[in-house]
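So you can see what is in the structure, the chains are spelled out below.
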Amino acid sequence: RLVFIGNRVLVMKSVGIFIVCVGLLCSCASSTQLSLYQKLDGKAGIGRIVDSFIYQIGNDEQIIHYFEHSNIAYFRQGFITHMCMLVEGPCTYDGDSMVAIHTGMHITEKDFNHVVDLLINAMNEQNISHSLQNDILSRMAPLRGEIIKM
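Residues numbered from 1 in each chain as written. Predicted model: local features only at pLDDT ≥ 70, side-chain atom pairs only at ≥ 80, totals over all residues. Heavy atoms only, no water.

### Looking at the state of the cysteines
The final tally for this structure, using the stated rule, is one disulfide. Across a sulfur-sulfur distance of 2.0 Å, C84 and C91 are joined as a disulfide pair. Judged by the torsion about the S-S bond (75°), the C84/C91 disulfide is right-handed. Given the relative accessible area of 0%, C84 is considered buried. (Disulfide = S-S within 2.5 Å. Buried < 20%, exposed > 50% of the residue type's maximum accessible area, 1.4 Å probe, protein only.)

Next comes the structure, spelled out in structure tokens:
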């Protein structure tokens, strides 16, 4: 209960209103935080990353042999859908498992790491920030064991 009168009461009311406003602004800011999918510009942004990645692969002599007999349009669509799902977009990947896709390819750790570098190059080409790149790669990292030496 306020005992003071005059300017001091006004100051106390102003401080109270300010605190309420700051609290409301903070709750609004946190409720409108963009998802990783939105930060990547949705499916269109993921498509641009995948297109850059395919270009990187197509120009890389160390990796291209893994894709010699691939249907690139099918790979592109599958990778877009898979990445969309990984970044919590509205996509459901129902393609083959990573094990099924990579069995018999005998991908070495060196080549796997090189493909990751190509993906990083593609994300850099698309001006994806390093923090978003790290978020994407951390979501993809658990798949490593399903790809190497299958």
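There's more to say after this.
### Details of the nonpolar core
L40, I46, M83 and I136 are the most contacted members of the largest nonpolar core, which has 34 residues in total. Elements supplying a minimum of two residues to this core: α2 (36–39), α3 (42–58), α4 (72–86), α6 (109–125) and α7 (130–140). With six residues, the single largest contributor to this core is α3. Beyond its immediate stretch of four places on either side in the chain, L40 contacts G45, I46, I49, V87, I128, L132 and I136. (Core = buried A, V, L, I, M, F, W, Y, C linked by side-chain atoms within 4.5 Å. Helix = DSSP H or I, 4+ residues; strand = E, 2+ residues; numbered from the N terminus. Contact = heavy atoms within 4.5 Å.)

### What about the packing of aromatic side chains?
With the rule as written, the count across this model stands at three aromatic pairs. Residues F75 and F79 carry aromatic rings whose centres are separated by 5.7 Å and whose planes lie at 20° to one another, so their mutual orientation is stacked. Of this pair, F75 and F79 both sit in helix α4, four residues apart, which is roughly one turn of the helix. (Phe/Tyr/Trp six-rings, centres within 6.5 Å; stacked < 30°, edge-to-face > 60°.)

### So, the side chain of D60
When you line up the elements, D60 lands in the loop between α3 and α4. Comment: no salt bridge for buried D60; closest opposite-charge side chain is K110, at 9.9 Å. A polar contact of 3.0 Å, which involves the side chain of D60, links it to the backbone nitrogen of Q62. Excluding residues that lie within four positions of it along the chain, D60 makes contacts with H114 and L118. (Lys, Arg positive; Asp, Glu negative; His and termini not counted. Salt bridge = Lys/Arg side-chain N within 4 Å of Asp/Glu carboxyl O. Polar contact = N/O pair within 3.5 Å; in protein donor to acceptor, adjacent residues only side chain to side chain.)

### A word on α4
Its 15 residues give α4 an end-to-end C-alpha distance of 21 Å, which sits within 8% of 21 Å, the value for a rise of 1.5 Å per residue. Looking at where α4 begins, the residue whose side-chain oxygen comes 3.1 Å from the main-chain nitrogen of A73 is N71. Looking one or two residues beyond α4, the residue adopting positive phi is E88, at roughly 65°. (Expected span 1.5 Å × (residues − 1).)

### Things to note about the packing of α3 against α4
The contact between α3 and α4 brings their axes to 9 Å, and the two run at 135°. As the angle between them shows, α3 and α4 are arranged oblique. The interaxial crossing formed by α3 with α4 has right-handed handedness. Along its contact with α3, which presents K43, I46, G47, I49, V50, D51, F53, I54 and I57, the element α4 presents I72, F75, R76, Q77, F79, I80, M83 and C84. Partitioned by chemical class, the residues of the contact of α3 with α4 number 12 nonpolar, two polar and three charged. (Axes fitted to C-alpha atoms, helices over the stretch in contact; angles between N-to-C directions. Parallel < 35°, antiparallel > 145°, perpendicular 65-115°, else oblique. Left-handed = near helix turned anticlockwise from the far one by under 90°. Nonpolar A, V, L, I, M, F, W, Y, C, P; charged D, E, K, R; others polar.)

### Things to note about unusual backbone geometry
Within the chain, H106 stands out as a residue other than glycine whose phi angle is a positive 50°. Residue placement: H106 occurs in the loop between α5 (98–102) and α6. On the accessibility criterion, H106 (57% relative accessible area) is exposed. In this model, N127 sits at a positive phi of 60°, which is unusual for a non-glycine residue.

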